[in-house]
Amino acid sequence: MNIVVLVKQVPDTNSERRLTDSDHTLDRASADVVLDEINERAVEEALRLQEAHGGEVTVVTMGPDSATDALRKALSMGADKAVHLSDAALHGSDAVQTARALAKVIGTVEGVDLVLAGNEATDGRMGAVPAMVAEVLGLPALTHARKVEVDGSTVRVERETDEGVAFVEAALPALVSVGEKINEPRYPSFKGIMAAKKKPVTTLGLADAGIDAAEVGLANAATTVVEAAPKPPRSGGQKVEDAGDGGVRIAEFLAAQKLI
Amino acid sequence: MSAAAPERTTARAGDLLDVDRALGDEERLIAETVRRFVGEHVLPEIEGWYERGVFPRELVPELGRLGVLGMHLTGHGCAGASAVGYGVACRELEAADSGLRSFVSVQGSLAMFPIWRYGSEEQKRRWLPGMAAGELVGCFGLTEPDSGSDPASMRTSARRDGRDWVLNGRKMWITNGGLADVAVVWARTDDGVRGFLVPRGTPGFTTRDIHRKMSMRASVTSELVLDDVRLPEDAVLPGVVGMRGPLSCLDEARFGIVWGVVGAARTCFETALSYARTREQFGRPIAGFQLTQQKLVDMAVELNKAALLAHHLGQLKDAGALTPEQISFGKLNNVREALRIARTARTVLGANGISSEYPVMRHANNLESVLTYEGTNEVHTLVLGHALTGLRAFQ
């Protein structure tokens, strides 16, 4: 079973993250960048499926040259090969453009049975790209998976939402996006790290992937960030005087926030 | 920050010279991976292990899965990393605790290395894959109760009896001794010093752990007792005769120490810096006082010099050009300065410096062992004295 995992390099959530002043796109230079944690889980799930069913795991990313590091991390964990879509014209692409571009890149990988992705990246937090990619490719989309099983040509997923868990299935090929609870990703082993440098990484420009430059990039995007403001500093919060009913009022507050 | 901001720096408070910029992609990923591993598996527990005097045996297979054990060796399940890669792994391990790095040094450089370098194919097949995987533990028996800096004076002997070997003697201060499935024991023979592979459970071979330690408490240190231990002919390492054997192993391990202590010193420095910035006396952070700044700057300067030295020796080793005298240089300087940094950091923390709430005193205590083992400060000084003058102050 051949699996493509969509991965993304994002600013480390431990570092200060910001948008550039000039065009409100992500400021990649001012933060340490890492392979998004949810993508590590997607890669882990792909490797577990590969261990059970065989086939090849290909990691795909769209991003600047530095995104090679994110691919290398995934290869060190055990993925077989990588495809990197990198072109200056992609700068500022929105979710729809990104999904179309990724769909083209997935099309360059032969015999794909399953596309895996994280359900939401920690930088933009759109959470839309996986379903959009499925739409463009005409694949069934099984999103927010906390468990994935493949049986012959069927993929079964436990889909977790705020309301509960849905048990859904689809015929392969399909796209699955995974949530935080899917697994604990492995550490890259040193043998894996040493082997990764010998694994094939294909770098594609727009033309190589058959993407029209007029359809991507900030100038052609359907959505644009027109203004951005930092989150206001935390206020003092809400004070509850205990008049004998403190416990009940705390419980009511937590229940209203859906925390209990 | 402007668009010309440097890419890919591991911006840490004390890395004034951006020393890690010289790392390759694999080495960077190795450092990151070990840092994450110790952050998740070691740092939450280390103070407790240290206070109770416990080595976390359960981590050994995890270290094996990671690929740390014998990582700089090739084949037989070893990762085949560069010397610099091995160095950064040692640095990140010892940033947590010198005992953990000592385990890895002994396993990879003192037990696996002699088997890999001097062992027969059969010995390599029998031991190396299990040791790389962390299923088997090794130790290295050279030092004796009355034979430390002068290892050639060892009393442990191996004599021929028919085709067998019979070993007698005692080895002391042996890291991993009580854990070891196999001991690499160096003994005098009629032909000179030779190495023997002594499996755990061989009749006449026993170990006793040394418990009353004020240093390296999260590490197993033992005595090996060899009382008419009968070994088959193929227990001897065929590839080396003479002191060159054990000394070459020590060069491997010392290289790891040169890097490792940079990690211990870094932890002490970072602890002192963060403490000094938040601790207030006379109404302001003590980091603003000139005497404290002097301490922080002296620590940072020595830390960066030690890191540079480790990188330089790593590059020499990867080029196959590293000499024993250069390793002495590195061990002498980096351990001495790491210990100074740990002690200075302790003073910055005041009374809190002696508490196990902070890692500083633990590192300082550990470094007292590192100062002595694998060649004392004094011996490395005299190795360099000989290199400079051509005159031997000992032997």
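Residues numbered from 1 in each chain as written. Chains lettered and ligands numbered in written order. Predicted model: local features only at pLDDT ≥ 70, side-chain atom pairs only at ≥ 80, totals over all residues. Heavy atoms only, no water.

Before going further, it helps to spend a moment on the layout of surface pockets. Of the volumes computed, that of the second largest pocket is approximately 1400 Å³. Mapped by element, the contributors of at least two residues to the lining of the second largest pocket are helix 5 (98-118), strand 5 (164-175), helix 7 (244-278), helix 9 (324-348), helix 10 (360-372) and helix 11 (377-389) of chain B. (1 Å grid on protein atoms, 1.4 Å probe; cavity = no way out; pocket = protein on both sides within 12 Å on 5 of 7 lines; lining within 4 Å. Points joined across faces, edges and corners; volume = space filled by probe spheres on them. Helix = DSSP H or I, 4+ residues; strand = E, 2+ residues; numbered from the N terminus.)

Counting 76 residues, the largest nonpolar core has Phe190 of chain A together with Ile30, Val42, Leu63, Met71, Phe103 and Trp186 of chain B as its most contacted members. With 10 residues, the single largest contributor to this core is helix 5 of chain B. Filtering out sequence-adjacent residues up to four positions away, Leu63 of chain B remains in contact with Phe37, Val68, Leu69, Leu93, Leu100, Phe103 and Val104 of chain B. (Core = buried A, V, L, I, M, F, W, Y, C linked by side-chain atoms within 4.5 Å. Buried < 20%, exposed > 50% of the residue type's maximum accessible area, 1.4 Å probe, protein only. Contact = heavy atoms within 4.5 Å.)

A separate point is the domain arrangement of chain B. The extent of an interface is frequently quoted as the accessible surface area lost upon association of the parts. Residues and elements named next belong to chain B. Partitioning chain B into structural domains gives domain 1 (14-132), domain 2 (138-235) and domain 3 (244-389). Computed from C-alpha atoms alone, the centre-to-centre distance between domain 1 and domain 3 is 19 Å. Contacts between domain 1 and domain 3 engage 37 residues on the former and 39 residues on the latter. Along the contact surface separating domain 1 from domain 3 lie three salt bridges. Between Arg362 and Asp97 there is a salt bridge whose closest N-O contact spans 2.6 Å. Viewed at the interface, domain 3 and domain 1 are joined by 18 residue pairs in polar contact (both at pLDDT 80 or more). For the side of domain 1 that touches domain 3, the leading source of residues is helix 4 (residues 83-96), giving 11 residues. Class assignment for the residues of the side of domain 1 that touches domain 3 results in 18 nonpolar, nine polar and 10 charged. (Domains from an automatic or database assignment. Salt bridge = Lys/Arg side-chain N within 4 Å of Asp/Glu carboxyl O. Polar contact = N/O pair within 3.5 Å; in protein donor to acceptor, adjacent residues only side chain to side chain. Nonpolar A, V, L, I, M, F, W, Y, C, P; charged D, E, K, R; others polar.)

Further remarks concern the confidence of the model for chain B. In low-pLDDT regions, the fine details of the predicted coordinates are not to be read closely. Residues and elements named next belong to chain B. Overall, the predicted model of chain B reaches an average pLDDT of 95, with 97% of residues at or above 70. Long-range and interchain partners of residues 1-11, a stretch whose pLDDT sits below 50, account for 15 contacts in this model, where long-range means more than four residues apart. For this predicted complex, the interface confidence reaches an ipTM of 0.80, while the overall pTM sits at 0.87. (pLDDT = per-residue confidence, 0-100.)

This part is about the packing of helix 5 of chain B against helix 10 of chain B. The description of two helices packed together rests on the angle between their axes and the distance between the axes. Residue and element names in this part refer to chain B. With their axes 9 Å apart at the nearest point, helix 5 and helix 10 run at an angle of 35° to one another. Side by side, helix 5 and helix 10 meet where Ser98, Gly99 and Arg101 of the first sit next to Asn366, Leu367 and Val370 of the second. Its residues assigned to classes, the contact of helix 5 with helix 10 shows two nonpolar, three polar and one charged. (Axes fitted to C-alpha atoms, helices over the stretch in contact; angles between N-to-C directions.)

Next up on the list: the UniProt feature "domain: Acyl-CoA dehydrogenase/oxidase N-terminal" (unreviewed entry) in chain B. If you check UniProt for "domain: Acyl-CoA dehydrogenase/oxidase N-terminal" (unreviewed entry), the listed places come out as residues 25-135 of chain B in our numbering. Secondary structure across residues 25-135 of chain B comprises 70% helix and 4% strand; the distance between its end C-alpha atoms is 29 Å. (UniProt positions renumbered as here; feature names shortened; annotations may be inferred.)

Residue and element names in this part refer to chain B. If you check helix 10, its first and last C-alpha atoms are 19 Å apart, about what 13 residues at 1.5 Å a residue would give, namely 18 Å. If you check which residues of helix 10 are buried, you get Val360, Arg362, His363, Ala364, Asn366, Leu367 and Val370. For helix 10, the elements touching its buried residues are helix 2 (46-52), helix 4, helix 5, helix 7 and helix 9. Backbone geometry just after helix 10 places Glu374 at a positive phi near 55°. (Expected span 1.5 Å × (residues − 1).)

In this section: a negative patch on the surface. On the surface, a cluster of negative charge is contributed by Glu241, Asp242, Asp245 and Glu252 of chain A. With respect to the helices, strands and loops of the structure, Asp242 of chain A is situated in the loop between helix 6 (206-209) and helix 7 (246-256). (Patch = residues over 30% accessible without salt bridge, like charges linked within 9 Å, V, L, I, M, F, W, Y side chains within 5 Å. Areas by Shrake-Rupley, 256 points an atom, 1.4 Å probe, with all protein chains shown as cover. Lys, Arg positive; Asp, Glu negative; His and termini not counted. Charge placed at Lys NZ, Arg CZ, Asp CG, Glu CD.)

Another aspect to go through is the UniProt feature "domain: Acyl-CoA oxidase/dehydrogenase middle" (unreviewed entry) in chain B. What UniProt calls "domain: Acyl-CoA oxidase/dehydrogenase middle" (unreviewed entry) maps, in this numbering, to residues 139-229 of chain B. With 0% helix and 55% strand, residues 139-229 of chain B has its two end C-alpha atoms placed 17 Å apart.

Bringing empty space enclosed by the protein into the picture now. All names here are of chain B. Enumeration over the complete set of coordinates arrives at two cavities of 30 Å³ or more. In this structure, the largest cavity encloses a volume near 170 Å³. Taken together, 13 residues form the lining of the largest cavity, with Asp15, Arg91, Val262, Arg266 and Ala307 sitting closest to its centre. Looking at the lining of the largest cavity, the elements with two or more residues in it are helix 7 and helix 8 (290-318).

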